[in-house]
Structures are given as C-alpha cells and as structure tokens.
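Letter by letter, the chains look like this.
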Amino acid sequence: MTISISERTKERLLYLMRLLENHALAGNSGPVTSAQVEHLTGWSRDTIRKDISSLNGDAAGNNAGYDPQLLIPVIKKALGLDRRRKFCVVGLGRLGSAYLNFTPPDLAEFELAAGFDANVNRVEMLRSPAPLYPAYKLGEVISRFAIEIALICVPAEAAQAVAEKCVAAGIQGILNFAPAALSLPPEVAVRNVYVADELRSLCVRMR
C-alpha cells in the first residue's frame, strides 16, 4: 500500500533508488551517505533525510549512512513498486521493437507480457522473449493476462484510438511515446515521453 507523499518527493525517491541500485551493481557493499547523495543530486542533506525518514527509512540508516540493501525495499514498498507488474508494447516499429528486448537488471519488477502491431508480417518476423500478436487481439490479450501497463509506440494519428482500446481492456498506466496528447479518464496514469520536448527543455536549461 502506498503512503501519501508529494509528487516531487516521489520523483526524488525514484532517483535516489536508482542511485542506490547503481551503487550496489557497481560492487559497492558499503553504505551511502547523505553527503554523497547531496554531491550527486544537488539536494540538501535535510531534504534527503526528510524524504527517507517519511518512509520509516531510519531503520535502513545510521551515522555511517544508508544501506542500499535495506533502503531500496523500503522505497519500493512506499511507492507501490514491491510487486511484479506486466506491461505490453503497442506498435513494433523501430522504437517499439527495441523495447521487446529491454531487460535491464534493475527492472526485475516488470514483466514484458506481449507485443502488438497492425502489420501481421512484422509480428511474424520479429524475435521477442514475449509473444507477439496482431493489433486486433489487443483487447483480448490484455484482459486475459491482466496486463497493467502499455508502452504506446504508434504514429501520432493512431495514439488516441490505441490508448482508448488499451484502457477499455484494463490498462491502468500508459507510457506514451507518440507525439500526441491523450485524452483519457483521470484514473489512468499517463506519462508522455517526447524526445523533441526533452531536447528543447535541455536547450532552455543550457541558456
């Protein structure tokens, strides 16, 4: 069960979790201090301590720092990331097909359950660790396998219709790579990932 925390705190905790995971993957067995996190992120030590203590993170830390092996599960539980979730990829062009084999070691809580494309030939030719289906089976497959998250990698003009079909089948969260604004019920979590917007944002910050 998630606790009530602000969106900005959630973003910081997600980033902190990634830092802790990278620390462990690099073979470091020691703790991570607030000073180290401050150096890497620019956040104040008071902010870091406040975020962690709000998660009952004191049990995962002491004067020597925070133990990643203890603190990572605390963060995951607080943010609702402590159970495995199924996701699918809709649209298997260059971008979508790249995510069929996207299995970084720190994303074990997610399972690629299916891929969909309107081009039947593409579905038959692509190699994937998960089964691939023609787009007309999208609703049936999402419902049958209780898939919760969809990565939408279709052209902009198709994104709204695809998103609506996903939601009707039971999808609760959408990662939208299509350059189109989606109009969906407020209970559906949507995150838009536009490379052009990110580049423009970066340029603005550079100025």
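Structure first, text after, so check above.
Heads up: these notes are all about the structure in this document. This one's a predicted model, so the numbers in the text were calculated from it and none came from an experiment. (Residues numbered from 1 in each chain as written. Predicted model: local features only at pLDDT ≥ 70, side-chain atom pairs only at ≥ 80, totals over all residues. Heavy atoms only, no water.)

Description of the packing of helix 1 (residues 7-25) against helix 4 (residues 68-78)
Okay, so step 1: Where helix 1 meets helix 4, the axes come as close as 10 Å, and the angle between the chain directions of the two elements is 150°. The orientation of helix 1 with respect to helix 4, classified from their angle, is roughly antiparallel. Crossing hand, helix 1 versus helix 4: left-handed. The segment helix 1 lies against helix 4, with Leu13, Leu16, Met17, Leu20, Glu21, His23 and Ala24 engaging Pro68, Gln69, Leu71, Ile72, Ile75 and Lys76. (Axes fitted to C-alpha atoms, helices over the stretch in contact; angles between N-to-C directions. Helix = DSSP H or I, 4+ residues; strand = E, 2+ residues; numbered from the N terminus. Parallel < 35°, antiparallel > 145°, perpendicular 65-115°, else oblique. Left-handed = near helix turned anticlockwise from the far one by under 90°. Contact = heavy atoms within 4.5 Å.)

Details of the sheet that holds strand 7 (residues 173-176)
Okay, so step 1: The parallel open sheet is built from six strands, whose spatial order is 5-4-3-6-7-8. Here the strands that pair on one side only, and so sit at the sheet edges, are strand 5 (132-134) and strand 8 (189-192). Within the sheet, the average angular offset between the axes of one strand and its neighbour, ignoring direction, is 20°.
Okay, so step 2: Here four bridges tie strand 3 (residues 85-90) to strand 6 (residues 149-152), and the two strands are oriented parallel to one another. Residue pairing for strand 6: phenylalanine 87 is matched across the bridge by isoleucine 149. (Pairing = 2+ DSSP bridges.)

Side note on the pattern of salt bridges
When the charged atoms of two side chains with opposite charge come close together, those side chains can pair.
Okay, so step 1: Counting across every chain of the model gives twelve salt bridges.
Okay, so step 2: The salt bridge partner of arginine 191 is glutamate 11, with a shortest N-O separation of 3.6 Å. Residue arginine 191 is found in strand 8, and its partner glutamate 11 is found in helix 1; the two are separated by 180 residues along the sequence.
Okay, so step 3: You can call glutamate 11 partly exposed: its relative accessible area is 38%. (Salt bridge = Lys/Arg side-chain N within 4 Å of Asp/Glu carboxyl O. Buried < 20%, exposed > 50% of the residue type's maximum accessible area, 1.4 Å probe, protein only.)

A closer look at the pairing of strand 4 (residues 110-117)
Okay, so step 1: Here strand 4 lies mainly inside the structure; six of its eight residues are buried.
Okay, so step 2: Examined bridge by bridge, strand 3 and strand 4 share six bridges and lie parallel to one another. In the sheet register, valine 90 faces strand 4, and the bridge partner there is phenylalanine 116.
Okay, so step 3: With three bridges joining them, strand 4 and strand 5 adopt parallel strand pairing.

Focus: helix 4
Okay, so step 1: The set of residues buried in helix 4 consists of Pro68, Leu71, Ile72, Ile75, Lys76 and Ala78. Viewed end-on, helix 4 has its buried residues packed into an arc of 165°, placing them on one side of the element. The exposed residues of helix 4 that point more than 90 degrees off its buried face are Gln69 and Lys77.
Okay, so step 2: The opening residue of helix 4, the one whose side-chain oxygen lies 2.9 Å from the backbone nitrogen of glutamine 69, is aspartate 67.
Okay, so step 3: Directly after helix 4, the chain includes glycine 80, whose backbone phi takes a positive value near 75°. (Arc of directions from axis to C-beta. Polar contact = N/O pair within 3.5 Å; in protein donor to acceptor, adjacent residues only side chain to side chain.)

Some words on the nonpolar core
Okay, so step 1: Cys88, Phe116 and Ile142 are the most contacted members of the largest nonpolar core, which totals 25 residues.
Okay, so step 2: It is helix 8 (residues 156-169) that provides the largest number of residues to this core, a total of five residues.
Okay, so step 3: When residues no more than four places from it in sequence are discounted, the contact partners of isoleucine 142 are Cys88, Phe116, Ile147, Cys166, Ala169, Gly170 and Ile171.
Okay, so step 4: By size, the runner-up hydrophobic cluster in this structure holds 18 residues, among which are Leu13, Leu20, Ile75 and Leu81. (Core = buried A, V, L, I, M, F, W, Y, C linked by side-chain atoms within 4.5 Å.)

A word on helix 1
An α-helix turns once every 3.6 residues. As a result, residues three or four positions apart point the same way.
Okay, so step 1: Taking 1.5 Å as the rise per residue, helix 1 with 19 residues should run 27 Å; its terminal C-alpha atoms sit 27 Å apart, in good agreement.
Okay, so step 2: Those residues of helix 1 lying buried are Thr9, Arg12, Leu13, Leu16, Met17, Leu19, Leu20, Glu21 and His23.
Okay, so step 3: Among the structural elements, helix 2 (34-41), helix 3 (45-53) and helix 4 are those in contact with the buried residues of helix 1.
Okay, so step 4: Where helix 1 ends, the next residue or the one after it, glycine 27, has phi of about 90°, a positive value. (Expected span 1.5 Å × (residues − 1).)

Description of the packing of aromatic side chains
Both the distance between ring centres and the angle between the ring planes are used here to describe each pair of aromatic rings.
Okay, so step 1: Enumeration according to the criterion identifies three aromatic pairs in this entry.
Okay, so step 2: Seen from their ring centres, tyrosine 15 and tryptophan 43 are 5.8 Å apart, and the 70° between their planes marks the pair as edge-to-face. Within this pair, whereas tyrosine 15 is found in helix 1, its partner tryptophan 43 is found in the loop between helix 2 and helix 3, the two being separated by 28 residues in sequence.
Okay, so step 3: Judged by its relative accessible area of 30%, tyrosine 15 is partly exposed.
Okay, so step 4: On the basis of relative accessible area, tryptophan 43 is assigned to the buried category, the value being 18%. (Phe/Tyr/Trp six-rings, centres within 6.5 Å; stacked < 30°, edge-to-face > 60°.)

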